[in-house]
Structure formats: structure tokens, C-alpha cells
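Residue strings, one per chain:
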Amino acid sequence: MRPNYLGLLRRKTSPHEWIGPLHLRGFDVRRVSARASGWSGGGHNGAMLSFHLGSAAGSAGVPCAPDGQPWWPVGLGVDLVHLPRVAQALDAFGERFVQRLFTAQEALDAGAQPVVRVERLAARFAAKEAAIKAFGLAEVGVNWRDLEVARLPDGAPVLRVHGRAAAVLQSRGVAHWALSLSHDGDHAVAVVAIVQPAVPAQAAP
Amino acid sequence: MSASSPLFDAVRDALAAHGRLSVDARALSPDTDLYESGLTSQCSVNVMLALEGRFDIEFPDHLLTRSTFSSVARIADALAQSGAA
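So, how was this worked out
- Residues numbered from 1 in each chain as written.
- Chains lettered and ligands numbered in written order.
- Predicted model: local features only at pLDDT ≥ 70, side-chain atom pairs only at ≥ 80, totals over all residues.
- Heavy atoms only, no water.
- Helix = DSSP H or I, 4+ residues; strand = E, 2+ residues; numbered from the N terminus.
- Buried < 20%, exposed > 50% of the residue type's maximum accessible area, 1.4 Å probe, protein only.
- Contact = heavy atoms within 4.5 Å.
- Areas by Shrake-Rupley, 256 points an atom, 1.4 Å probe, with all protein chains shown as cover.
- Phe/Tyr/Trp six-rings, centres within 6.5 Å; stacked < 30°, edge-to-face > 60°.
- Lys, Arg positive; Asp, Glu negative; His and termini not counted.
- Salt bridge = Lys/Arg side-chain N within 4 Å of Asp/Glu carboxyl O.
- Patch = residues over 30% accessible without salt bridge, like charges linked within 9 Å, V, L, I, M, F, W, Y side chains within 5 Å.
- Pairing = 2+ DSSP bridges.
- Axes fitted to C-alpha atoms, helices over the stretch in contact; angles between N-to-C directions.
- Parallel < 35°, antiparallel > 145°, perpendicular 65-115°, else oblique.
- Nonpolar A, V, L, I, M, F, W, Y, C, P; charged D, E, K, R; others polar.
- Core = buried A, V, L, I, M, F, W, Y, C linked by side-chain atoms within 4.5 Å.

Trainee: Before we go on, may I ask you to explain the overall build of chain A in this structure?
Mentor: When helices and strands are counted, chain A shows 5 helices and 9 strands. Along chain A, from the amino end to the carboxyl end, the secondary structure elements read β-β-β-β-β-α-α-α-α-β-β-α-β-β. Counting across all 205 residues of chain A, residues that qualify as buried make up 46%. In chain A, the share of contacts with a sequence separation of at least 24, taken over all contacts with a separation of at least 6, comes to 57%. On chain A, roughly 10200 Å² of surface is accessible, and the fraction owed to carbon and sulfur atoms is 56%.

Below, the structure is given as C-alpha cells:
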């Protein structure tokens, strides 16, 4: 299989990091996008890569590291939320629902317009549940506010992890993850994946 | 804790109001698996909020696990640990 060179992902603004050249064997690169996020708690900055890979024609599409060892996303979580349920929870519990589950910034980002607010809170709740699944935190017991959805300047969502959840991830060596959100009609959905780079990040020249 | 203690009844009330179970919440035995009875994570949050409001407590983070909300008895035990009277 021929190596494919994804190229340099350049530093934009803090907290983005330099990521050196990546070589992934056996893939035709269809689309590459780079996002970066940091997570607080312990003073670490994690770089998160989001890239889409097409498999080589005719192959089974198993991702391979340069040394030929297979690697997979090591954690994956998804959650689907029914928007009317969120609206009902807001009706039943009011601001207590918001304050218990969401950070002040998340509540701010959701805005005040009722329909949009429900959509955004629902997507953020889905993100927290997806993260709990991806990170394997269901039996750890974490505060939903420790898993915070933020928006980069370009609008991409990122997951910031705080407090006890961050400590658990650090102790498990989990440092990189990706988040995606969507909503349509009466539903919002979120996906979180723990990702591992095929090669270590190299220092900028 | 007996099966008809006030905490058990309060849990059944919250499940009836917010759990959206496929079974009659008020007839739940203490150890019936709630997820097998249709409880979703979203509804478990609402059940939690209802109980926190009723008893004016907050479950500590370490009790916010999937297994805490897996049965009436487990939820009632968590309430007791959280200071609900």
C-alpha cells in the first residue's frame, strides 16, 4: 500500500497546536479538516484532529498505522435526543434544568429564543451523553457540567472536559477526542469519538 | 428499607411522572431493572431533577451513575445517601 501524506496542519490561533506531517498508509484522502480543542483540568492542552478517510478501492478499509498495526477509535459514543422531551423538562423544571446540566456559557450560547434554545440545549445534552459513552464514564459518576460544549470561532463544536471527568480521562491517558452535532426536526444528535494519532505529533520546525 | 417506605414511594411517584416507563411505575418492585422497563438516560435525568426538587437535595456527582438509576431500591438508597429524609 502506498503512503499518503496528509500535509501540515498549521497553527491558527491558540489553543491550536502544531501537528506534524501525518502518514497513513493505504488510504486515499477524501477530505481533511482540522479542528483543535483544549481541555482544562491538569493544565493540559489536547489537540483534536478530525479527518475523513476513504478506503483504498477494494480494501476492507481497516485503518493501519505506518508500522502496519491496526488502530481504531478507542471510544465512541452517540446520543439522540427528542426535542419535545427537552421542552417538557424546561417546562417542568425551568432554570433548575438548565443550571443542573449546563455551564453558564452553554446556557448563554443556547440563547433566549425558545425554539432555538431547545435545539441547542438538546444538542448539548446529547453531546454530554455521547461523551459519557465514549469515555466510559457511566459508572464513574460525573457532573454533566464537567463535559462542556463550546464553539470555536469558525462555529465548530468542541468538547471541553473539566473537574473530576478531566482527572479520570487524564488517568486513563485519554487526550484526544472529536465531537459532532446535528439536529433536524424533532431530534438532535451528537457523536463523540476518542481518537489516537497514527504517529506522534512532531515539534514545529 | 421496606418495599413500601416513603423513599420508595417517592421514587415510584417520580418514575410515574417522568420516567415514561413501559410498565406501571407505581407497581414496580424495588429491584426491577428500570432500563429494561423503558427508562432512557434523558428520562432518568428528569426523574433525578424531580427527586432533587422534592427533597431539596442534590445527588453528589459520584452517585450520578447509570446503575444508581437502575432500580427503585438503588435510587432510594442514593436519596438516603444524599440526605433525603
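Following the structure, the description resumes.
Trainee: When you look at the packing of aromatic side chains in this model, what are you seeing that I'm missing?
Mentor: The way to describe two aromatic rings as a pair is by their centre distance and the angle between their planes. Residues and elements named next belong to chain A. In this structure the tally under the stated criterion is 3 aromatic pairs over all chains. Taking the centre distance of 6.0 Å and the plane angle of 65° together, the rings of F97 and F102 count as edge-to-face. For F97, a relative accessible area of 4% puts it in the buried group. The buried category is assigned to F102, whose relative accessible area is 3%.

Trainee: Mind showing me how you'd approach the side chain of A:E119 here?
Mentor: All names here are of chain A. For E119, the location among the structural elements is in helix α4 (residues 114-135). Although E119 is buried, it forms no salt bridge, and the closest oppositely charged side chain is R120 at an N-O distance of 6.1 Å. Among all residues touching E119, those that are not within four sequence positions of it are L83, H183 and A188.

Trainee: Explain a nonpolar patch on the surface to me, please; I cannot follow it from the model alone.
Mentor: A cluster of nonpolar side chains, namely A:L76, A:V78 and A:V191, defines an oily patch on the protein surface of about 260 Å² accessible area. By relative accessible area, A:L76 is classed as exposed at 59%.

Trainee: Quick question: what am I supposed to make of the pairing of strand β8 (residues 177-184) of chain A here?
Mentor: Note on strand geometry: in a regular strand, side chains alternate between the two faces of the sheet. Residues and elements named next belong to chain A. Of the strand pairs in this sheet, β8 and strand β9 (residues 187-194) are connected by 8 bridges, and their pairing is antiparallel. Bridge assignment links S180 to a residue of β9, and that residue is V191. Between β8 and β9, which pair antiparallel in sequence order, lie 2 residues; one of them, G185, sits at a positive phi of approximately 60°.

Trainee: It is not clear to me how the packing of helix α1 (residues 83-93) of chain A against α4(A) should be interpreted in this structure. Could you clarify?
Mentor: Each pair of packed helices can be summarised by the angle the axes make with each other and by the distance between the axes. Residue and element names in this part refer to chain A. Running from N to C, α1 and α4 cross one another at 105°; their axes reach a closest spacing of 9 Å. The orientation of α1 relative to α4 falls into the category roughly perpendicular. Taking contact as the criterion, the partners of L83, V86, A87 and L90 in α1 are, on α4, V118, E119, L121 and A122. Residue composition of the contact of α1 with α4, by class: 7 nonpolar, no polar and 1 charged.

Trainee: Just to check I follow, could you spell out the nonpolar core for this structure?
Mentor: A general feature of soluble globular proteins is that nonpolar side chains tend to end up buried together. Formed by 76 residues in total, the largest nonpolar core has its most connected members in A:F97, A:F135, A:L147 and B:L15. Excluding anything up to four places from it in sequence, A:F97 contacts A:V86, A:A89, A:L90, A:F102, B:N46 and B:L49.

Trainee: What am I meant to see in the pattern of salt bridges here?
Mentor: Between side chains of opposite charge, a pair can form when the charged atoms approach closely. Scanning the entire structure with this criterion turns up 8 salt bridges over all chains. Here B:E52 makes a salt bridge to A:R100, at a shortest N to O gap of 2.7 Å. In this pair, B:E52 sits in helix α2 (residues 41-55) while A:R100 sits in helix α2 (residues 95-101), so the two residues belong to two different chains. One salt bridge in this structure joins B:D9 and B:R12, with 3.4 Å as the shortest N-O distance.

Trainee: Got a minute to help me understand the sheet that holds strand β5 (residues 75-82) of chain A in this structure?
Mentor: All names here are of chain A. With antiparallel pairing, the 3 strands of this open sheet are ordered in space as β5-β9-β8. Each having just a single partner strand, β5 and β8 make up the two edges of the open sheet. Strand after strand, the sheet turns through a mean of 10° between neighbouring axes, direction not considered. Against the sheet, α4 contacts β5, β8 and β9, and its axis sits at roughly 30° relative to β9.

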